[in-house]
Amino acid sequence: GPTLESFENRVLMRWLLGETSDDVRYRLANLLLSPSVQDEFDLVIIDAPPRLSMGTVNALCASHAILVPTVPDRLSVDAVGRFLQRANVFRELNSSLLKVGIVACLTEAANLKPHELEAMDLARSSLELWHGQGKVLETSVRHFTSLGRAAGREIGYLQDNNVRDLFDKLGAEVAQQW
C-alpha cells in the first residue's frame, strides 16, 4: 500500500544519494542468506507485486526461481512474455536466478478449456524470451470464491479444503521441478 511504497521510495533515494553504505537491492538476499534464516528454513516463498518496486527488486535479487501466475488468455499471456524479458536483466544482478515456472490461474474449471490451452501454448512459446530454464506447469489454479472472500482478511488455504488440496498439488509439482 501507500505506506510501503513511500518507505521503498525513501530507501531507494537514500541509496541513490549515497546516504547508505549497503546496496539496498540485496538487503533481502543478505537476510535470507544469514545463518539464522538458513538454519531455520528449507524454502522461502516471496509474494511480490507485479510492478517493479524496491520489494520486487529485492525479491528478484534473492531468488533462485520465479513462479509467474497468469490468467490463461491472450492478453495476460502477452504480459508474461514482456515480464520475462525484463526479468532477464535481474540475472545480471543475481546469477542464481535460473528457473521460471508459469502457472495458469483463475481458470474456469479444474481442466483447462480449449481457448485456455491455446493461451498456455502461447505462454510456453514466451519461455524462449527467458535466458534460463522454464516450464509451463501442468497444475492450474481455478477460480475459487473462497479465495476472493478470504483476500486481505484470512488465509484462503486454511479456510477451504479444496483450495488446500489444489495448492498442495501445485506445491508438489513445483518441488518436483525445482
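Note that the structure is a prediction, hence the values are computed from the model and not measured.

Asker: Please clarify how helix 5 (residues 74-87) should be interpreted in this entry.
Answerer: End to end, helix 5 covers 20 Å across 14 residues, agreeing with the expected 20 Å (1.5 Å per residue, within 8%). Among all positions in helix 5, only Val77, Val80, Gly81, Leu84 and Ala87 are buried. For helix 5, the angular spread of the buried residues around the axis is 130°, confining them to a single face. Facing away from the buried surface of helix 5 by more than 90 degrees, the exposed residues are Leu75 and Arg86. Those residues of helix 5 that are buried lie in contact with strand 1 (65-70), helix 6 (90-93), strand 2 (99-107) and helix 7 (114-126).

Asker: Before we go on, may I ask you to explain unusual backbone geometry in this structure?
Answerer: A negative phi angle characterises most non-glycine residues, just as the trans form characterises most peptide bonds. One non-glycine residue, Leu106, lies in the positive phi region at around 60°. Note on placement: Leu106 falls in strand 2.

Asker: Where do I start with the packing of aromatic side chains in this structure?
Answerer: The final tally for this structure, using the stated rule, is zero aromatic pairs. A cation over an aromatic ring shows up here: Arg91 above the ring of Trp130, its NZ or CZ 5.5 Å from the ring centre. In this arrangement the basic side chain of Arg164 is found over the ring face of Tyr157, its NZ or CZ atom lying 5.6 Å from the centre.

Asker: Help me understand the nonpolar core, please; the structure alone is not making it clear to me.
Answerer: Side chains that are nonpolar tend, in soluble globular proteins, to be buried together. Ile66, Val68, Leu84, Val100, Ile102 and Trp130 are the most contacted members of the largest nonpolar core, which totals 23 residues. Taken together, the elements giving at least two residues each to this core come down to helix 4 (54-62), strand 1, helix 5, strand 2 and helix 7. Ignoring sequence-local partners within four residues, the contact set of Ile102 consists of Val68, Thr70, Val80, Leu84, Met120, Ala123, Ser126, Leu127, Lys135, Val136 and Leu137. In terms of nonpolar packing, the next biggest core, distinct from the first, is built from nine residues, Leu137, Val141, Val163 and Leu166 among them.

Conventions and cut-offs
Residues numbered from 1 in each chain as written. Predicted model: local features only at pLDDT ≥ 70, side-chain atom pairs only at ≥ 80, totals over all residues. Heavy atoms only, no water. Helix = DSSP H or I, 4+ residues; strand = E, 2+ residues; numbered from the N terminus. Expected span 1.5 Å × (residues − 1). Buried < 20%, exposed > 50% of the residue type's maximum accessible area, 1.4 Å probe, protein only. Arc of directions from axis to C-beta. Contact = heavy atoms within 4.5 Å. Phe/Tyr/Trp six-rings, centres within 6.5 Å; stacked < 30°, edge-to-face > 60°. Lys NZ or Arg CZ within 6 Å of the ring centre and 35° of its normal. Core = buried A, V, L, I, M, F, W, Y, C linked by side-chain atoms within 4.5 Å.

Limitation: the analysis is restricted to geometry and does not speak to function.
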